[in-house]
Amino acid sequence: MRIDIISVLPELVEPFMQESIVGRAQRRGLAEIHIHNLRDWSVRRDRRVDDYPYGGSAGMVLQCEPIDRCITELQGQRHYDEVIFTTPDGEQFSQPMANELSLKENIIILCGHYKGIDHRLREHLITREVSIGDYVLTGGELAAAVMADAIVRVIPGAIGDEQSALSDSFQDNLLAPPVYTRPADYRGWRVPDILLSGHEANIRQWELQQSMERTARLRPDLLKQ
Ligand code: SAM
């Protein structure tokens, strides 16, 4: 799949996309992430892409024209399944949404900045508005990085052991069971005997029970879903 990220601060997201699972998925040809500097589509000599808000309130607003020019140019090159705007008042990002977006071929993620983008873009160009949580970030770059990471890691082959993505929290609306590694006894803190038993079926059963118990205790809302 291909993800195009549009930002006024591309240098914030670029290094992240080269590392870890997202970087490896790109090197394996499973994902392509292209980061675009919105200022390249500015129509002003000073490369600015923002202006004062109508109505006289505080802050600056990203203008229609550079964003429209950038998205239209990209859409002229290929079909995009979604043009996503990152925004605190959007639909809440979640594991099911990450799974769903990982099946798309091409998506655009537009990062806002300042007070946000001119609302007409949201009415006419944006197909989906997504929030990563009920708090306000300075820009959409961290939100785009969070989304790209969660989306790319569920693409088959992105993680060495594919099962490990499927057994993470929120797949099947359950929290993950606890995990342990060697040594089996550290300062008298022992790994549960069942995990050392070698009995595969009993271990899977124990993990499921742990997941259910932890979900009921920590996130009962998930079980209701
Ligand atoms: N004035 C906006 C509001 O109150 O909803 C907040 C603007 S915020 C300072 C600047 C940009 O950061 C937003 O346009 C958006 O792209 C991004 N952003 C901030 N918080 C976010 C969140 N929780 N999820 C996704 N994007 C967010």
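Residues numbered from 1 in each chain as written. Predicted model: local features only at pLDDT ≥ 70, side-chain atom pairs only at ≥ 80, totals over all residues. Heavy atoms only, no water.

**Student:** Before we move on, could you go through the environment of Val136 and cite the residues and values that matter?
**Tutor:** Mapped onto the elements, Val136 comes out in the loop between strand S7 (128-131) and helix H6 (141-152). In this structure Val136 comes out as exposed when scored by relative accessible area, which is 71%. Taking the C-alpha atoms as reference points, Val136 and Thr87, 49 residues apart in sequence, are found 8.6 Å from one another. (Helix = DSSP H or I, 4+ residues; strand = E, 2+ residues; numbered from the N terminus. Buried < 20%, exposed > 50% of the residue type's maximum accessible area, 1.4 Å probe, protein only.)

**Student:** Please provide a residue-by-residue account of helix H1 (residues 10-18), values included.
**Tutor:** Along H1, the positions that sit buried rather than exposed are Pro10, Val13 and Met17. Seen from one end, H1 has its buried residues packed into an arc of 75°, which puts them on one side. Facing away from the buried side of H1 by over 90 degrees, the exposed positions are Glu11 and Leu12. For H1, the elements touching its buried residues are strand S1 (2-7), helix H2 (20-27), strand S2 (32-37) and H6. (Arc of directions from axis to C-beta. Contact = heavy atoms within 4.5 Å.)

**Student:** Quick rundown of the site of the ligand? Include the residues and the values.
**Tutor:** Around the ligand, 20 residues are found, and the nearest of them are Thr86, Gly112, Gly133, Tyr135 and Leu137. Here an oxygen atom of the ligand and a backbone polar atom of Thr86 are 2.6 Å apart. Backbone polar atom of Ile132 to a nitrogen atom of the ligand: 3.1 Å apart, as the coordinates give it. Protein coverage of the free-state accessible area of the ligand, which is 580 Å², stands at 83%. Those elements that place two or more of their residues in the shell around the ligand are strand S5 (82-92) and S7. In terms of residue count, S5 provides more of the shell around the ligand than any other element does, four residues in total. When its residues are assigned to classes, the shell around the ligand shows nine nonpolar, ten polar and one charged. (Near = heavy atom within 4 Å. Polar contact = N/O pair within 3.5 Å; in protein donor to acceptor, adjacent residues only side chain to side chain. Areas by Shrake-Rupley, 256 points an atom, 1.4 Å probe, with all protein chains shown as cover. Nonpolar A, V, L, I, M, F, W, Y, C, P; charged D, E, K, R; others polar.)

**Student:** With reference to specific residues and values, describe the nonpolar core.
**Tutor:** Ile3, Ile5, Met17, Ile33, Phe93, Met147 and Ile151 are the most contacted members of the largest nonpolar core, which totals 33 residues. Going through the elements one at a time, S1, H1, H2, S2, helix H4 (95-102), strand S6 (106-110) and H6 are the ones with two or more residues in this core. What Ile3 contacts, discounting residues up to four positions off in sequence, is Glu32, Ile33, His34, Ile107, Ile109, Ala148, Ile151 and Val152. Ile67, Ile71, Tyr80 and Leu110 belong to the second largest nonpolar core, which has 19 residues in total. (Core = buried A, V, L, I, M, F, W, Y, C linked by side-chain atoms within 4.5 Å.)

**Student:** How would you sum up the pairing of S1? Please name residues and give values.
**Tutor:** Taking burial as the measure, the six residues of S1 include six buried ones, the bulk of the element. The two faces of S1 match: Arg2, Asp4 and Ile6 on one face and Ile3, Ile5 and Ser7 on the other face are all buried. The pairing of S1 with S2 spans six bridges and is classified as parallel. Within the sheet, the bridge partner assigned to Ile5 lies in S2 and is Ile35. Sheet topology note: the S1/S6 ladder contains five bridges and is parallel. The partner of Ile3 across the bridge, within S6, is Ile107. (Pairing = 2+ DSSP bridges.)

**Student:** Kindly report on the pattern of salt bridges, identifying the contributing residues and their values.
**Tutor:** Summed over the entire model, instances satisfying the criterion amount to 19 salt bridges. In this structure, the salt-bridge partner of Glu207 is Arg204, at a minimum N-O distance of 3.0 Å. A residue pair is termed a helical-turn pair when its members lie 3 or 4 positions apart in one helix, as Glu207 and Arg204 do in helix H9 (residues 200-218) at three residues. Salt-bridge contacts for Arg217 lead to Glu213; the nearest nitrogen and oxygen are separated by 2.8 Å. You can see Arg217 and its partner Glu213 sitting in helix H9, four residues apart, about one turn around the helix. The structure contains a network of salt bridges with shared partners spanning Glu82, Glu91, Glu100, Lys104 and Arg128. (Salt bridge = Lys/Arg side-chain N within 4 Å of Asp/Glu carboxyl O.)

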